[in-house]
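# Coordinates in review
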Amino acid sequence: MAEASAVKLFDRLDEQPSDSLLQLIALANADPRPEKIDVGVGVYRDATGGTPIPRAVKKAEAILIETQQTKAYLGSQGDIRFIELIKPIVFGEAGAADDRIVGIQTPGGCGALRLGAELIEAADRQARVLVGQPTWPNHGPLIECAGVEMVGHPYYDAKSRTILFDEMMGAIGKARSGDLILLHGCCHNPTGADLNPDQWRAIADAVAKRGIIPFVDLAYQGLGNGFEADAAGTRLVVEAADQALVAQSCDKNFGIYRERTGSLFVKGSNRRTAEIILGHLQSRARTMWSMPPDHGAAVVRIILDDAELRADWNAEVTEMCARIRNLRARLAGYDERLAYIEGQNGMFSMLPLSPQAVLDLRASHGIYMAGSGRFNVVGLSDENVGRFAAAVVEKMDG
Ligand code: LMR
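Owing to the predicted nature of the structure, the values given are computational and were not obtained by experimental measurement.

Before going further, it helps to examine the packing of helix α6 (residues 165-174) against helix α7 (residues 197-210). Interaxial distance between α6 and α7 falls to 10 Å at its minimum, and their mutual angle equals 10 degrees. It follows that α6 is roughly parallel to α7 by the angle criterion. Where α6 abuts α7, its residues F165, M168, M169, I172, G173 and K174 lie against Q199, A202, I203, A206 and R210. Class assignment for the residues of the contact of α6 with α7 results in seven nonpolar, two polar and two charged.

The sheet built from seven strands is open, its strands ordered β2-β10-β9-β8-β7-β3-β4 with mixed pairing. A strand with exactly one partner marks an edge of an open sheet, and here the two such strands are β2 (101-107) and β4 (149-154). Put simply, the sheet's adjacent strands are angled 20 degrees from each other on average, direction ignored. Packed on one face of the sheet, helix α9 (residues 271-288) meets β2 and β10 (261-267) and runs near 15 degrees to β2.

With that settled, consider the domain arrangement of the protein. Domain parsing of the protein yields domain 1 (9-53 + 309-397) and domain 2 (73-305). Here domain 1 and domain 2 have C-alpha centroids that lie 25 Å from each other. Roughly 2500 Å² is buried in total at the junction of domain 1 and domain 2, and carbon and sulfur atoms are behind 63% of that figure. Applying the counting rule to domain 1 against domain 2 returns zero salt bridges. Every element with two or more residues in the side of domain 1 that touches domain 2 is listed here: α11 (307-334) and β11 (348-350). Here the element with the most residues in the side of domain 1 that touches domain 2 is α11; it accounts for nine residues.

Around the ligand sit L21, V41, G42, W136, N189, Y220, K252, F348 and R374, and that is every residue in its neighbourhood. For the ligand, an oxygen atom lies 3.0 Å from a polar atom in the side chain of W136. For the ligand, whose accessible area on its own is 260 Å², the fraction buried by protein is 82%. Residue classes in the shell around the ligand are distributed as five nonpolar, two polar and two charged. Both of domain 1 (9-53 + 309-397) and domain 2 (73-305) provide at least three residues apiece to the shell around the ligand.

Bringing helix α12 (residues 355-365) into the picture now. For α12, the complete set of buried residues consists of A357, V358, L361 and R362. Angular distribution of buried residues about the axis of α12 spans 145 degrees; they occupy a single face of the element. In this structure, α12 carries P355 and A363 as exposed residues pointing more than 90 degrees from its buried face. On its buried side, α12 packs onto α1 (20-30), β12 (367-368) and α13 (385-395). Once α12 ends, the next one or two residues include G366, with phi positive near 65 degrees.

This part covers the packing of aromatic side chains. By the definition in use, this model includes five aromatic pairs. Ring centres of F91 and F265 lie 5.3 Å apart, and the angle between their planes is 80 degrees; on these two criteria the pair is classed as edge-to-face. A residue pair is termed long-range when its members are at least 10 positions apart, and F91 in helix α3 (residues 80-96) and F265 in strand β10 qualify at 174 residues. In this structure, F91 and F265 share a single accessibility class: buried. Aromatic side chains F254 and W313 sit 4.2 Å apart centroid to centroid with 10 degrees between the ring planes, which places their arrangement in the stacked category. Here W313 lies in helix α11 and F254 lies in the loop between β9 (244-249) and β10, a separation of 59 residues in the sequence. Residue classification places W313 among the buried residues on the basis of a relative accessible area of 3%. Among the aromatic residues, ring-to-ring pairing joins F227, F254 and W313 into one connected group.

Q133 connects to P134 through a cis peptide bond whose omega is 0 degrees. The residue P134 is located in the loop between β3 (128-133) and α5 (139-144) in this model. Omega for the bond connecting N189 with P190 falls within 30 degrees of zero, at 25 degrees, which places this linkage in the cis form. The residue R161 is not glycine, and still its phi comes out positive at about 55 degrees. As for its placement among the helices and strands, R161 is situated in the loop between β5 (156-157) and β6 (162-163). Residue class for R161 comes out buried when judged on its relative accessible area of 18%. For R260, which is not glycine, the phi torsion reads 55 degrees and is therefore positive. One can find R260 in the loop between β9 and β10. By relative accessible area, which is 31% here, R260 ends up partly exposed.

What counts as what
- Residues numbered from 1 in each chain as written.
- Predicted model: local features only at pLDDT ≥ 70, side-chain atom pairs only at ≥ 80, totals over all residues.
- Heavy atoms only, no water.
- Axes fitted to C-alpha atoms, helices over the stretch in contact; angles between N-to-C directions.
- Helix = DSSP H or I, 4+ residues; strand = E, 2+ residues; numbered from the N terminus.
- Parallel < 35°, antiparallel > 145°, perpendicular 65-115°, else oblique.
- Contact = heavy atoms within 4.5 Å.
- Nonpolar A, V, L, I, M, F, W, Y, C, P; charged D, E, K, R; others polar.
- Pairing = 2+ DSSP bridges.
- Domains from an automatic or database assignment.
- Buried area = accessible area lost by both parts, 1.4 Å probe.
- Salt bridge = Lys/Arg side-chain N within 4 Å of Asp/Glu carboxyl O.
- Near = heavy atom within 4 Å.
- Polar contact = N/O pair within 3.5 Å; in protein donor to acceptor, adjacent residues only side chain to side chain.
- Areas by Shrake-Rupley, 256 points an atom, 1.4 Å probe, with all protein chains shown as cover.
- Buried < 20%, exposed > 50% of the residue type's maximum accessible area, 1.4 Å probe, protein only.
- Arc of directions from axis to C-beta.
- Phe/Tyr/Trp six-rings, centres within 6.5 Å; stacked < 30°, edge-to-face > 60°.

Structure follows, in structure tokens:
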């Protein structure tokens, strides 16, 4: 029996607020109204409202089950062939040949972001990560959890629907050499407002000149304007900078969300530094998940190594991308106040809605979106896109 005065360690814990995006999934699922519209969490939905497993994934899974001989450990770097196949998709053929860029398989894009933060912390506890606001709500927790400070700067103004590029450049101008800047490679989450090629070039010049290290989050490649266009900005900044990090995810573009499949690539100043970096990535990974889960990466490897499966996967991502673009165009055509949505990319855009308006839309129309006014464009269906547009326009601030 414990003494009455015994310390009750876990009784000291405060209650944690639930993750707002994950809570939305539960709230939307529990709503019995058949006409409800779930545009909360970022998952792709097809015309029937389902989130299909891509054909190529199904086939690759069958091949994997048939042919896999062992599930013995692979090591902290994960599936090396998977890394070799992802590298040119992210960096192009020239980048893939750059031996200053090393890669490691991670549990999804979240694992890659967290591991990147661990590497920063190992290198310099004083280094700070600049981040444009608003950003994905999990960026702060993932990076700060490793003990790395984040410094916000304005990125987007929801009222005028514009990127605050001068403010962003001002923040880069004030950063210390050795600081990092978190950049959304494409399909900005939550705003959908991506940097244009001129802006990427200006950022590439500025980070190179000032010794700032780009830390790119590339979670939606292929779902904005195709694989090449979606990686163009990332390639520009990585090429320009002496050192860089890219957190990549296959969860969305392979439709394997719960398999947690991603990678972290880091560019060192030279081959020797890159090797040392890889050693640190492996030892930090060992302290967190030891080795990444295999299934998703094995499936991706099978697809990318097979010309037919790869072509089919590409075709399906192209269809997904076209569906997103089509829904964007339909929203834009509905009302001129929604016209800006067509020029944005990926799954998300933001509506200028007050938190109260978001709650009202939930109560009166069963529309589930994030409190910030972010909505998942591709959570809409052909049937409800008009209904959604009519309801939100009524409540918009401007
Ligand atoms: C989202 O932003 O909805 C997705 O990235 C899912 C998540 O993990 O939050």
